[in-house]
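One letter stands for each residue in the lines below.
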Amino acid sequence: MAEQPSLSRSIVLVGMMGVGKTSIGKRLAARLGCDFVDADEEIEHAAGMPIPEIFAKFGEPYFRDGERRVVARLIEGKAKVIATGGGAFINDSTRALILAHAVSIWLDADITILAERVARRNNRPLLKGKNPVEVLTELGKVRNPLYAEANIHIRSDASPHARTVENILKAISQ
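Residues numbered from 1 in each chain as written. Predicted model: local features only at pLDDT ≥ 70, side-chain atom pairs only at ≥ 80, totals over all residues. Heavy atoms only, no water.

Colleague: Explain the pattern of salt bridges residue by residue, including any values.
Modeller: Tallied over the entire structure, the rule returns twelve salt bridges. We note a salt bridge from Glu166 to Arg31, for which the minimum N-O separation is 2.3 Å. Placement of Glu166 in helix α8 (residues 161–172) and of Arg31 in helix α1 (residues 21–32) is noted, with a sequence separation of 135 residues between them. Under the relative-accessibility criterion, Arg31 is labelled partly exposed at 23%. Of the charged contacts in the structure, one is a salt bridge between Arg155 and Asp108, with a shortest N-O distance of 2.9 Å. Taken together, the positions of Arg155 in strand β5 (residues 152–155) and Asp108 in strand β4 (residues 103–108) put the pair 47 residues apart, joining distant regions of the chain. For Asp108, a relative accessible area of 12% puts it in the buried group. Beyond isolated ion pairs, a larger network of salt bridges with shared partners links Glu60, Arg64 and Glu67. (Salt bridge = Lys/Arg side-chain N within 4 Å of Asp/Glu carboxyl O. Helix = DSSP H or I, 4+ residues; strand = E, 2+ residues; numbered from the N terminus. Buried < 20%, exposed > 50% of the residue type's maximum accessible area, 1.4 Å probe, protein only.)

Encoded structure:
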């Protein structure tokens, strides 16, 4: 087991929906002995409604602005592990904020793995009534070049999340 690095800045996990940012983030925070925060949960708490309802009532631009404000608040203060929604890092302002004030880690996985994982949950506004493989493929074309701006790139595969956490720990201790 790798020696645990001390955290001087928050770690922000970015990547496509279904890549495991929340489950990996919780395990990573436990290993680092710091707090974990899911930005989507914080957005829902701040808005007083679930994300699909925010999208339906106010639209994506409104949601992205609120997301940017929440991420800015989460990065401040004591270092922690933060899981963001799949589109957070795509927003220019949010990405610039994360790159300037945190360590960003792009969790990347094959579309087939992502599609299988997102099929388990019914709360993804961008997938409502659509083919997940097609949507994820199209999103990947736009988003992957932006995710590639993250400080660290980690592949997430079908192996247990503990292995991905080990790979992150190795990468941040270098």
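Colleague: Residue-level account of the sheet that holds strand β1 (residues 11–14), with values.
Modeller: In a beta sheet, neighbouring strands pair by backbone hydrogen bonds and run either parallel or antiparallel. As summarised here, the arrangement of the five strands in space is β2-β3-β1-β4-β5, forming an open sheet in which the pairing is parallel. The open sheet has two free edges, formed respectively by β2 (36–38) and β5, since each of these has just one partner strand. Between one strand and the next, the sheet's axes are offset by a mean angle of 25°, whatever the strand orientation. Sheet topology note: the β4/β5 ladder contains four bridges and is parallel. Looking at the pairing, Trp106 lines up with His153 of β5. Packing of helix α2 (residues 39–47) onto the sheet brings it into contact with β2 and β3 (81–83), and relative to β2 it is tilted by some 60°. Against the sheet, α8 touches β1, β4 and β5, its axis set at about 155° to β5. (Pairing = 2+ DSSP bridges. Axes fitted to C-alpha atoms, helices over the stretch in contact; angles between N-to-C directions. Contact = heavy atoms within 4.5 Å.)

Colleague: Explain the environment of Ala158 to me, using residue names and the numbers behind them.
Modeller: Within the element layout of this structure, Ala158 appears in the loop between β5 and α8. The class of Ala158 is exposed, set by a relative accessible area of 71%. Separated by 61 residues in the primary sequence, Ala158 and Leu97 have C-alpha atoms spaced 31 Å apart.

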